[in-house]
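Observations on chain architecture
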Amino acid sequence: MDWVIEARNLVVGAGGTPISGPATLRASRGEIVVIAGPNGAGKTSLLRALAGLADHVEGYYHIRGTPAYIPQSDMLLPWKTLGDNIAFPLLVRGTPRREAWRRVEGVAGLLGLKPHLSKYPREASGGTRRKASVARGLVVGADVLLLDEPFAGLDVAAKGALLEGLRRLAGEGITMVLVTHDLLLASRIADRILVLLPPPRGLSAEYSLRGLGKAERYGVAEEVVELITREGGF
Amino acid sequence: MGQQGAAREAIAYTLALAVILGVWQAAASYSHLLPGVPQALSFLYDNLGQAGWDTLITLENTVAGFTIAVILALALAWAAMLGGLVEETVKAFNVVVQSVSVLVWSLLFLIVYGFTSRLPAMSVAAATAFPIMLSGTLKGFELSRAEYGELSRMLGLSKTQEFAHILAPGSLPFLVASARSALGAALRISVVAEAFGASGGIGYRLWLYYELHNYEGFMAWALLLVTLMLVLDKLVLERVEAWGRRWTG
Ligand SMILES: Nc1ncnc2c1ncn2[C@@H]1O[C@H](COP(=O)(O)OP(=O)(O)OP(=O)(O)O)[C@@H](O)[C@H]1O
Ligand SMILES: [Mg+2]
C-alpha cells in the first residue's frame, strides 16, 4: 500500500517536554482521518508537526505530495479580498496573475465560494471565511489537507456546506487529517476516527467507519465521545 | 462618519471656538495689553501676505523634518526586525531620543547650524516626530508578526516578502495613526525652534511681535498657528488615517 501520510512514533516537544504523541498513523489517497481528543491533548501540535511547522519533532513522518495546513484561526489577511487571499500563496511563488486567478476560480467553484471572492474578510460570514482559508490551502495544488477544527464557530448550515465541500475534495483524491470536537458531524464523512490523549498516551484508539450507514456512524461517534469523557480526566 | 455625525462635529468645533474666543475677548476687556479678537483679526487681514509666507516656511520646516523622521523610523524598525541585540538597541535609542527636551534640541541645533539657518527648525521637527513614528512602526510590526507570523511560515515567505505583503500593510493603521500625531507634534514644536532662530516662519514672527510689544500681531499669529493645525488635522491627517484603517474594525 502506498501511504500518502505516514507517521511512526511521532512526538512533538516544547521546552524539553513532550506535548503531543506518540502518534503512529497512516492515511491512503482520498481518505478522511479524523482526530479527536480532550483539550490540550496535542492535536494542534500534531497537525503543525505534520505540516512541518513544529520546531521539536522526534520520530518518523512522511507526506507524499504537498500538504496544506488550515489553522484553527482563519489567518486571512484583512486588507485583501477573499479572492486575493486565496491567490496569495500562488502570487508569492511567482505564478502569473492570470493563471493564479484561473486556479482560484477552480477551487472556489469546488467550495461554493465563487460569489464571495470580491468580499473582504470582515464582510464575509465565519463559514465563508473558513472556506476561503481551506481554498487558500488547496490552491497551491495541495493533495493533503491538515485541518484544525474547521467547524468551530460555524452555524449548522455553514457546517453542512463545509462538510459537503470536504467530501467532494476527498472524492477528488485529496487526503485529509481533520481535527475536531464535533464528532457527530465528522462521523458523517470520516473513514477513520483516531483518539489522541495527552503524552505519554498519545494516539490510543482507532475506529473504522468505512462502509457504515448513518446510524452506525453516529454510534461510533457516541462511543468515541464516551471514551474521551472517560479518559479526559473529568 | 455619517452626515449627522459630521454636522454634530462641525457644531462642536464651532462651540469650542466660540468659548475660547469669548474667554479671550473677556480677558481683553480687563487687560490693557491684550488686544481683542476683532483687532487681532483685522491685523491678520492687513498682513495676509506675510501670514502666507510664514505659513509656507513653517509648513516646509515641519514636512521636511517629518519626512526625515519617517524615513529614519522605517529604516530602524526594519533593522529591529533582525531581533536580538539590534532590536534592543533600537528600542533603547528610541527611549533616549524621546527623553531629550525640546528646549535642548532647539538650542543644540541652533548651536550646530547657526541662527539664520532653517535646519534647526527642520531637525527639531524630525527629532520630535521620530520617536512617535518609531514606536508606532515597531508596535505595528510586532502585532502583525504575532498575528500573521504563522502564515508567513506556512507559505514559506522570504524576509522581503514578509515585509512587503504582511508587515507593511499590517502595520499601516499604526503607521498612519502615528503619522497623524507625529506631524501634529512636529508642527507645534518646529515653531519653538523658529522662535529661537532668525530664519522666519510662524514661530519666528510670534517671538518677534512679542519682543516688539506688538500684541495684536502676536495674537493674530497665534490664531494663524491654531488654524493651520486644525486645517491640517481635519482636512488632511484625519482623512489619511481613515484611509489607512479602512479595512479594520
Ligand atoms: N509552544 C509551546 N510551548 C509550550 N507548551 C505548548 C506550546 N504549544 C502548545 N503547548 C502545550 O501543549 C499542549 C498541547 O497543545 P495543543 O494546542 O496541541 O492541544 P490541542 O489538542 O490542540 O488542544 P485544543 O483542543 O484546546 O485545541 C498544551 O498543554 C499546550 O499548553
Ligand atoms: Mg488545538
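Read on for a plain summary of the structure.

1. Side note on the pattern of salt bridges
All names here are of chain B. Under the definition given, this model contains 24 salt bridges over all chains. Arg145 is paired through a salt bridge with Glu162; the nearest N and O atoms lie 3.8 Å apart. With Arg145 in helix H6 (residues 119-155) and Glu162 in helix H7 (residues 159-196), this pair connects stretches of sequence that are 17 residues apart. By relative accessible area, which is 31% here, Arg145 ends up partly exposed.

2. Concerning helix H2 (residues 82-92) of chain A
Residues three or four positions apart in an α-helix share a direction because the helix packs 3.6 residues into each turn. Residues and elements named next belong to chain A. Buried residues dominate H2, accounting for nine of its eleven residues. For H2, the complete set of buried residues consists of Leu82, Gly83, Asn85, Ile86, Ala87, Phe88, Pro89, Leu90 and Val92. Gly94 occupies a position one or two residues after H2 and carries a positive phi of about 90°.

3. Some details on the site of ligand 1
All names here are of chain A. By nearness alone, 13 residues border ligand 1, and Asn39, Gly40, Lys43, Thr44 and Ser45 come closest of all. At a separation of 2.9 Å, an oxygen atom of ligand 1 approaches a polar backbone atom of Gly42. In this structure, Gln72 approaches ligand 1 through a side-chain N or O atom, which is 3.5 Å from an oxygen atom. The fraction of the free accessible surface of ligand 1 (640 Å²) that becomes covered by protein chains is 54%. Here the shell around ligand 1 gets three residues from one element, more than from any other, and that element is helix H1 (residues 43-50). Taken together, the residues of the shell around ligand 1 sort by class into four nonpolar, seven polar and two charged.

4. Some points on the packing of H6 of chain B against H7 of chain B
When two helices pack together, their arrangement is given by the angle between the helix axes and by the axis-to-axis distance. Residue and element names in this part refer to chain B. Between H6 and H7, the shortest axis-to-axis distance is 6 Å and the interhelical angle comes to 155°. Considering the angle they form, H6 stands roughly antiparallel to H7. The hand of the H6/H7 crossing is right-handed. Looking at the contact of H6 with H7 residue by residue, the classes come out as 22 nonpolar, eleven polar and five charged.

Reading the values: the criteria
Residues numbered from 1 in each chain as written. Chains lettered and ligands numbered in written order. Predicted model: local features only at pLDDT ≥ 70, side-chain atom pairs only at ≥ 80, totals over all residues. Heavy atoms only, no water. Salt bridge = Lys/Arg side-chain N within 4 Å of Asp/Glu carboxyl O. Helix = DSSP H or I, 4+ residues; strand = E, 2+ residues; numbered from the N terminus. Buried < 20%, exposed > 50% of the residue type's maximum accessible area, 1.4 Å probe, protein only. Near = heavy atom within 4 Å. Polar contact = N/O pair within 3.5 Å; in protein donor to acceptor, adjacent residues only side chain to side chain. Areas by Shrake-Rupley, 256 points an atom, 1.4 Å probe, with all protein chains shown as cover. Nonpolar A, V, L, I, M, F, W, Y, C, P; charged D, E, K, R; others polar. Axes fitted to C-alpha atoms, helices over the stretch in contact; angles between N-to-C directions. Parallel < 35°, antiparallel > 145°, perpendicular 65-115°, else oblique. Left-handed = near helix turned anticlockwise from the far one by under 90°.

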